[in-house]
2 protein chains.
Amino acid sequence: METRELVSEKTIGRLSLYRRLLSGLLAKGRQNIYSHELATLSGGTAPQVRRDLMAIGYSGSPSKGYEVADLSESINSFMDNPDGTRGIIVGAGNLGRAIMAYFEGRRPKLKIVAAFDNDPNKIGSEICNCPCCDMAYLKTTVAQMGISLGVITVPANRAQEVGDKLVDAGVTGILNFAPIRLHLPPNVYVEHVDLTTSMEKVAYFVQSNKDSDVAGA
Amino acid sequence: METRELVSEKTIGRLSLYRRLLSGLLAKGRQNIYSHELATLSGGTAPQVRRDLMAIGYSGSPSKGYEVADLSESINSFMDNPDGTRGIIVGAGNLGRAIMAYFEGRRPKLKIVAAFDNDPNKIGSEICNCPCCDMAYLKTTVAQMGISLGVITVPANRAQEVGDKLVDAGVTGILNFAPIRLHLPPNVYVEHVDLTTSMEKVAYFVQSNKDSDVAGA
DNA sequence: AAGAAGCTGTGAACTTTTTCACAGATAGCA
DNA sequence: TGCTATCTGTGAAAAAGTTCACAGCTTCTT
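Residues numbered from 1 in each chain as written. Chains lettered and ligands numbered in written order. Predicted model: local features only at pLDDT ≥ 70, side-chain atom pairs only at ≥ 80, totals over all residues. Heavy atoms only, no water.

Caption draft 1: The arrangement of unusual backbone geometry in detail. All names here are of chain A. Positive phi, normally seen in glycine, also occurs at Ser-63, with a value near 70 degrees. Tracing the chain through its elements places Ser-63 in the loop between helix H3 (46-55) and strand S2 (66-67). Residue Ser-63 is classed as exposed on the basis of its relative accessible area, which comes to 66%. (Helix = DSSP H or I, 4+ residues; strand = E, 2+ residues; numbered from the N terminus. Buried < 20%, exposed > 50% of the residue type's maximum accessible area, 1.4 Å probe, protein only.)

Spelled out as C-alpha cells, the structure:
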C-alpha cells in the first residue's frame, strides 16, 4: 500500500541532498539538469542518481534530463509530511543551541518548536525563538503540540534516560548526538550522529595517507 | 606492506565506538567482555564485532572473551598516529565553537590546535584554549604546526573555497559540516557530516512509521 | 577424567548497494 | 526525412557488507 518502506535509508539521505542542490540551482534560474550533473554536485555517480529518482517514481526526458523545479517538488512531496513535522531538542548546551541556530528556518515543513533542559538558569528563557522548558513538561508538550521527533544533545550518561522519556512521551524518531548507542524499541527510528567517530575516522585516514605516498590524481 | 587500507571505513567507525565503550567499562573495573556484549552496547551483532576485531588482528580467548584493557590498547595502537594528530577548525560560528568545546580534551592523540575565521572581532581572541587566527595565516600555521586535519564549519557558500585552501596548505583529511559536497583531490579524505540530511532522514522515517501502525515488539 | 556448556575465528551463504551496459527515446541537423 | 549524438530507464553483473553456522578451544562440573 505504501511504497515508502521500500526506499532505502541511503537513498533517502541522497534525496535530501539532491533537493537542496536543486533549490540552489532553481534560485539561479536553472531549468533542466542531467543525471551526470546532479552526480557531480552530489559526489555520486550518474546511474546512482537515476536509480534514486527511479525509487520515487520520477521520470526525466531523454536529451532534456530532469526539470529542476518539478523534480524538486516531487522530492518534497515524497519526503515531507504534508502536515509538517515538529521536533523538540533535549539539552540546551553549546551543541544543542548551535543545532537550533543551524536549523532555524531551514525547511518549512520541519521545525524545532521547543527545547528542554534541567538547568534552572535556562528554563524559562528563549533560545532561537523556542521556549526552553523544564523536563517535567516534556510528556505533556509532546502530546499537546503533536511532536514526533526528538533531538538529543545531552551528555552520554543522560542520553538513554532522555531517549526513554522521549519514547514514552510518544516520539517515534530520534536524532542522537550523544556518543553512545541508544536502546529503544524497534518501531522508533534512531539516527546517530557521532561526532567523535567522524573525527576519529578522518584522523585515521589522514594517517594512512601519510604512510603511502599517493601518486597521481 | 600496510594492512591499513584493507580495513573498511565502516569497520573503522565501529572500532572508534568500541574503544569508547571499552574505556567506560575499564573505568568501571570491568576486565573481560564477550563479543555479544560489545554487540549489545554498540548496537551491532556478535559476528560483526568478531569480524571487526579480526580486521585488526586481535584475538580473544574462548570462554574468557576479550580483555578490556588489552583490546582497548590494541585499538588505540591501530587507530592512533603515535605522533598525535593535530587539526584546525575553520569557521568559529555557533557550530564551530560548539564542536571545539565538544572535542576539547576528548582524546590525547587528537587535538584541535587553532581556529580560523574572517570576522575581525573574533580574530585574536581565544576559543576553548585555541587561538582564533586570520585566514591569511592558515597556510603557514598548517606548515609550522604539522597540521594534517581540517574541520570546516563555515556557511555552504564558502565551504569549497575553504576546502581548497586547506588542501593547498597541506591538509589531507577534512571533516566537513557545510551542507554541500566538496570537490577535492582523491588523496584527501573527506568526511561529510550533513546535519540537515540527518534531520530530514529522521523526519522521513517518523512519517512512514505513522502511516503503518506497527504491530508487536 | 570425561562430558557439558559456551565462547572465538572464519569459510560460505546471503543481502544490500553500486555499477555496468545497452535498448529505447528525443532532439538537432543536413 | 533520415542520420547522429546523447540522454534516460533498467536488467544484469559486480562489489561490499553482513550474517550464518560450525569446528575447535577453554573452562567448569561432576
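Caption draft 2: The arrangement of the protein's contact with DNA strand C in detail. Near DNA strand C, the surroundings consist of 24 residues, among which Ser35(B), Arg50(B), Arg51(B), Ser59(B) and Gly60(B) are the closest. Close to the protein, within 4 Å, the atoms of DNA strand C belong to sugar or phosphate groups at a rate of 61%. Contact distances for DNA strand C include 3.3 Å between a base nitrogen and a side-chain N or O atom of Arg50(A). At 2.9 Å from a phosphate oxygen of DNA strand C is found a side-chain nitrogen or oxygen belonging to Tyr66(B). Only helix H1 (9-27) and H3 of chain A together with helix H2 (35-42) and helix H3 (46-55) of chain B provide two or more residues apiece to the surface near DNA strand C. (Near = heavy atom within 4 Å. Polar contact = N/O pair within 3.5 Å; in protein donor to acceptor, adjacent residues only side chain to side chain.)

Caption draft 3: Here's a closer look at the layout of surface pockets. Approximately 1,900 Å³ is the volume found for the largest pocket. For the lining of the largest pocket, the per-class residue count stands at 13 nonpolar, 20 polar and 14 charged. Each pocket or cavity is described by its volume, and for the second largest pocket that value is around 720 Å³. In terms of lining, the second largest pocket is formed by 32 residues, of which the most central are Pro155(A), Ala156(A), Pro179(A), Ile180(A) and Arg106(B). Breaking the lining of the second largest pocket down by element, the ones donating at least two residues are helix H5 (94-103) and helix H8 (195-211) of chain A together with helix H1 (9-27), H2 and helix H5 (94-103) of chain B. Per-element tally for the lining of the second largest pocket: the top contributor is H1(B), with 7 residues. When its residues are assigned to classes, the lining of the second largest pocket shows 15 nonpolar, 10 polar and 7 charged. (1 Å grid on protein atoms, 1.4 Å probe; cavity = no way out; pocket = protein on both sides within 12 Å on 5 of 7 lines; lining within 4 Å. Points joined across faces, edges and corners; volume = space filled by probe spheres on them. Nonpolar A, V, L, I, M, F, W, Y, C, P; charged D, E, K, R; others polar.)

Caption draft 4: Local environment of the interface of chain B and chain A. Between chain B and chain A, the residue contacts involve 70 residues of the former and 69 residues of the latter. Interface area for chain B against chain A, summed over the two sides, is near 6,400 Å², with a carbon-plus-sulfur share of 64%. The largest per-residue losses of area from chain B upon contact with chain A belong to Met199(B), Glu200(B) and Tyr204(B), which jointly make up 12% of the total buried on that side. The tally of links between chain B and chain A comes to 10 salt bridges. Two residues, Lys201(B) and Glu191(A), come together in a salt bridge whose shortest N-O distance is 3.5 Å. Counting across the chain B and chain A interface gives 16 residue pairs in polar contact (both at pLDDT 80 or more). It is helix H8 (residues 195-211) of chain B that provides the largest number of residues to the side of chain B that touches chain A, a total of 17 residues. Residues of the side of chain B that touches chain A, tallied by class, amount to 34 nonpolar, 19 polar and 17 charged. (Contact = heavy atoms within 4.5 Å. Buried area = accessible area lost by both parts, 1.4 Å probe. Salt bridge = Lys/Arg side-chain N within 4 Å of Asp/Glu carboxyl O.)

Caption draft 5: Local environment of the pattern of salt bridges. All names here are of chain B. Applying the stated criterion to the full structure yields 28 salt bridges over all chains. Residue Arg-30 pairs with Glu-37 through a salt bridge whose shortest N-O separation is 2.7 Å. The class of Glu-37 is partly exposed, set by a relative accessible area of 24%. Among the salt bridges present, the one from Arg-158 reaches Glu-161, with a minimum N-O distance of 3.9 Å.

Caption draft 6: Seen up close, the sheet that holds strand S4 (residues 110-117) of chain B. Residue and element names in this part refer to chain B. Taken in spatial order, the 7 strands make up an open sheet running S5-S6-S4-S3-S7-S8-S9, and their pairing is mixed. Lying at the two open borders of the sheet, with one neighbouring strand each, are strand S5 (126-127) and strand S9 (189-192). Judged from the 2 bridges that link them, S5 and strand S6 (residues 130-134) form a sheet pairing that is antiparallel. The residue bridging Ile-127 from the neighbouring strand is Cys-130, located in S6. Strands in contact with helix H6 (residues 138-145) are strand S3 (85-90), S4 and S6; relative to S3, the strand with the most contacts, it is inclined by about 170 degrees. Along the sheet face, helix H7 (residues 156-169) touches S3, strand S7 (149-152) and strand S8 (173-176) and points at about 170 degrees away from the line of S7. (Pairing = 2+ DSSP bridges. Axes fitted to C-alpha atoms, helices over the stretch in contact; angles between N-to-C directions.)

Caption draft 7: Region of interest: the environment of Arg86(B). Residue and element names in this part refer to chain B. Secondary-structure assignment places Arg-86 in strand S3. Classification of Arg-86 as partly exposed rests on a relative accessible area of 28%. For the pair Arg-86 and Thr-141, spaced 55 residues apart in sequence, the C-alpha separation works out to 11 Å. The residues contacting Arg-86, other than those within four sequence positions of it, are Lys-111, Val-113, Met-145, Gly-146, Ile-147, Ser-148 and Leu-149. A polar atom in the side chain of Arg-86 sits 3.5 Å from the backbone oxygen of Asp-83.

Caption draft 8: How the structure looks around the environment of Leu166(A). On the secondary structure map, Leu166(A) appears in helix H7 (residues 156-169). Taking the C-alpha atoms as reference, Leu166(A) lies 8.5 Å from Val142(A); in sequence the two are 24 residues apart.

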